[in-house]
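# Residue-level structural notes
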Amino acid sequence: MTTAPVHPQYDVDSPENLTRRERGLEVARAVDGEAAQAVIDSLADISPALGHHIAAFGFGDVYARPGLDPRSRQLVTIGVLTALGGCEPQLRIHIGAALNVGLTREEVIEAILHASVYAGFPRALNATFVAREVFAERDAAA
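Computed from a predicted model, the values in this text were never measured in an experiment.

### Notes on helix α5 (residues 88–100)
- The end-to-end C-alpha distance of α5, which contains 13 residues, comes to 18 Å, matching closely the 18 Å that a straight helix rising 1.5 Å per residue would cover.
- Within α5, burial applies to Leu91, His94, Ile95, Gly96, Ala97, Ala98 and Leu99.
- Residue Gly102 follows α5 closely and has a positive phi angle near 110°.

Laid out in structure tokens, this is it:
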């Protein structure tokens, strides 16, 4: 049985896509340290394409755009993840990233409090508890 050739757009290991992915990983490392790489690595055995798109599109194409600085991007991300709910593992990573790019703990908590008006108290509570855990982990590591 032969398989049809994969169009380069869908070949996550094509030279163009490898370049996009590496650019995205550079941006991710600048924001998240090694957290994004760990997420992408965790997908290698089940959905390497999803890991590729997180790096190439999410970080390489979107996060790398001009128009918002890294602090503003993390404020938006915290607000959206809080509003969505059920995204606590991702929120954990992005609260850490927010601290990495210069947001203060007070700004993180204020962003979550602000989201409570639109997302509701249960989601804001969950996000606040994640923030508490991230802050405690940072304190313990210091």
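### Examining the packing of α5 against helix α6 (residues 105–119)
- Direction vectors running N to C along α5 and α6 enclose 135°, while the axes themselves pass 9 Å from each other. Judged on the interaxial angle alone, α6 and α5 are oblique. As for the relative orientation of α5 and α6, their crossing is right-handed in sense. Residue-level contacts link Ile95, Ala98 and Leu99 of α5 to Arg105, Val108 and Ile112 of α6.
- Among the residues forming the contact of α5 with α6, the class breakdown is five nonpolar, no polar and one charged.

### Examining the side chain of Gln74
- Positionally, Gln74 belongs in helix α4 (residues 70–84).
- There is a polar contact of 3.3 Å between the side chain of Gln74 and the side chain of Tyr63.
- Dropping the residues within four chain positions of it, Gln74 is found in contact with Val31, Tyr63, His94, Ala97, Ala98, Val101 and Leu103.

### So, a nonpolar patch on the surface
- Together, Leu68, Val76, Val80 and Leu84 make up an exposed nonpolar region whose accessible area comes to about 340 Å².
- Mapped onto the secondary structure, Val76 falls in helix α4.
- The exposure class assigned to Val76 is partly exposed, which follows from its relative accessible area of 48%.

### Quick notes on the pattern of salt bridges
- Taken as a whole and judged by the stated rule, the model has eight salt bridges.
- Between Asp61 and Arg23 there is a salt bridge, with its nearest N and O atoms 3.1 Å apart. Of this pair, Asp61 sits in helix α3 (residues 48–63) while Arg23 is found in helix α1 (residues 15–32), placing the two residues 38 residues apart along the sequence.
- Judged by its relative accessible area of 35%, Arg23 is partly exposed.
- The network of salt bridges with common partners includes Arg20, Arg23 and Asp61.

Criteria and thresholds
- Residues numbered from 1 in each chain as written.
- Predicted model: local features only at pLDDT ≥ 70, side-chain atom pairs only at ≥ 80, totals over all residues.
- Heavy atoms only, no water.
- Helix = DSSP H or I, 4+ residues; strand = E, 2+ residues; numbered from the N terminus.
- Expected span 1.5 Å × (residues − 1).
- Buried < 20%, exposed > 50% of the residue type's maximum accessible area, 1.4 Å probe, protein only.
- Axes fitted to C-alpha atoms, helices over the stretch in contact; angles between N-to-C directions.
- Parallel < 35°, antiparallel > 145°, perpendicular 65-115°, else oblique.
- Left-handed = near helix turned anticlockwise from the far one by under 90°.
- Contact = heavy atoms within 4.5 Å.
- Nonpolar A, V, L, I, M, F, W, Y, C, P; charged D, E, K, R; others polar.
- Polar contact = N/O pair within 3.5 Å; in protein donor to acceptor, adjacent residues only side chain to side chain.
- Patch = residues over 30% accessible without salt bridge, like charges linked within 9 Å, V, L, I, M, F, W, Y side chains within 5 Å.
- Areas by Shrake-Rupley, 256 points an atom, 1.4 Å probe, with all protein chains shown as cover.
- Salt bridge = Lys/Arg side-chain N within 4 Å of Asp/Glu carboxyl O.

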